[in-house]
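Chains, contacts and geometry: an overview
Single-letter residue listing:
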Amino acid sequence: MISLGIEGTAEKTGIGIVDSDGNVLAMAGKQLYPEVGGIHPREAAEHHAKWIPQLIPQAMEEAGLDYKDIDLISFSQGPGLGPALRIVASSARSLALSLGIPIVGVNHCIGHVEIGKLDTGAKNPVTLYVSGGNSQVIAYESGRYRIFGETLDIAIGNCLDHFGRETGLGHPGGPVVEKLAKDGSYIDLPYVVKGMDFSFSGLLSSALRAHENGERIEDICFSLQETAFAMLVEVTERALAHTEKDEVLLCGGVSANSRLRDMMKIMAEEHYAKFYMPEMKYSGDNGVMIAWLGQLMYDNFGPLDIKDTAIIQRFRTDEVDAPWVDNRKE
Ligand code: ATP
Ligand code: FE2
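Residues numbered from 1 in each chain as written. Chains lettered and ligands numbered in written order. Predicted model: local features only at pLDDT ≥ 70, side-chain atom pairs only at ≥ 80, totals over all residues. Heavy atoms only, no water.

A few words on unusual backbone geometry. The omega torsion of the bond from Gly78 to Pro79 falls at -5°, within 30 degrees of zero and hence cis. Looking at where Pro79 falls in the secondary structure, it is placed in the loop between β4 (72-78) and α2 (82-99). Here His171 and Pro172 are connected by a cis peptide whose omega angle stands at -5°. The topology assignment puts Pro172 in the loop between α4 (156-166) and α5 (173-181). Positive phi is not limited to glycine here, since Ser142 has a value of about 50°. Position of Ser142 among the secondary structure elements: in the loop between β7 (135-141) and β8 (144-150). Judged by relative accessible area, which is 63%, Ser142 ranks as exposed. One non-glycine residue with positive phi stands out, namely Tyr272, at about 55°. Tracing the chain through its elements places Tyr272 in the loop between α8 (258-270) and β12 (274-276). (Helix = DSSP H or I, 4+ residues; strand = E, 2+ residues; numbered from the N terminus. Buried < 20%, exposed > 50% of the residue type's maximum accessible area, 1.4 Å probe, protein only.)

Donor atoms from the polypeptide that bind the iron ion (ligand 2) are His108 (NE2), His112 (NE2), Tyr129 (OH) and Asp285 (OD), placed at 2.1 to 2.3 Å. On the primary sequence, the residues serving as donors to the iron ion (ligand 2) are separated as H-x3-H-x16-Y-x155-D. Of this pair, His108 sits in helix α3 (residues 108-120) while Tyr129 sits in strand β6 (residues 126-130); the two residues are 21 residues apart in sequence, bridging distant segments of the chain. (Donors = N, O, S within 2.8 Å, 3.2 Å for Na, K, Ca; no water.)

Moving on, we come to the packing of helix α1 (residues 41-63) against α2. Two numbers describe how α1 lies on α2: the axes approach to 7 Å, and their chain directions differ by 25°. Considered as vectors, α1 and α2 are oriented roughly parallel to each other. Of the two possible hands of crossing, α1 and α2 adopt the one that is right-handed. Counted together, Pro41, Arg42, Ala44, Ala45, His48, Ala49, Ile52 and Ile56 of α1 and Pro83, Ala84, Ile87, Val88, Ser91 and Leu95 of α2 form the full contact between these two elements. Among the residues making up the contact of α1 with α2, the classes are represented as eleven nonpolar, two polar and one charged. (Axes fitted to C-alpha atoms, helices over the stretch in contact; angles between N-to-C directions. Parallel < 35°, antiparallel > 145°, perpendicular 65-115°, else oblique. Left-handed = near helix turned anticlockwise from the far one by under 90°. Contact = heavy atoms within 4.5 Å. Nonpolar A, V, L, I, M, F, W, Y, C, P; charged D, E, K, R; others polar.)

Structure below.
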């Protein structure tokens, strides 16, 4: 079976084509770079509406396939920006209806975990998924992917990007902060882990205040990273200890950061767990993860009725039964 997936929950849209063995036949994508400020949901929608019709034929050509070879359309149903999700869903619907093939809607966050497993060979990891819009510690338990910890306010990527914009470092902030952090030393910033959740908005305000107070930018960047990443690693570590799993997976755009990778790796090693990271092209948002999760969902639940293909803007990771995780262990 060949599945075509459409992603577009935030500022990036992508098409992926995979077969039922998980072979990637094509991958195409396009990212919106806002000229000023952050991402506006409507601009993201316009961007996706412009690019999806161009990326689909591009992916088909890359795969060397004809439209009659496609057996399934998969799309990210949520979570994400409403207007962007609606463009993705309506593109998927029109494609499935015009080709007369089944459609499935999938959870974007689970897509990250499943492509991470497919690309690295991890079987049942504790996953830290960190991006511009999401920060979650996810692990499979009793039939579903459970959220063991998550941000109480903004995502870590959003925190770094906001800091970058406000201090004139530019957007996205993550890569610039990483570079400057190399020449920094520690200043005190608030470390906020509540139960198994973390919070970044107070940390962001304090970092911005330190900047206003004339602290060295390198020192703020270093301390922002050390503090935020320690929070993420602490919660991942506690989930690992609780679940007694022996694999750790890091994914999402913020996983480009080598300091975060090193901290996660050290933590995993201390627990005799294997540390995995997918190739960077599969770590950020992409259509392949949607096409692949579509295969898993379709195998287990069959197609969605068109009337059930409405977007789910606040789609939670733990709303989806994931029987394939146990089945594949056998
Ligand atoms: P999602 O829809 O999953 O929230 P996204 O639209 O935020 O994804 P990604 O490509 O997964 O897209 O992540 C982008 C984020 O990654 C940005 O916030 C960016 O600052 C951050 N980032 C990129 N490189 C680095 C880096 N080297 N260090 C820290 N953060 C980084
Ligand atoms: Fe994502």
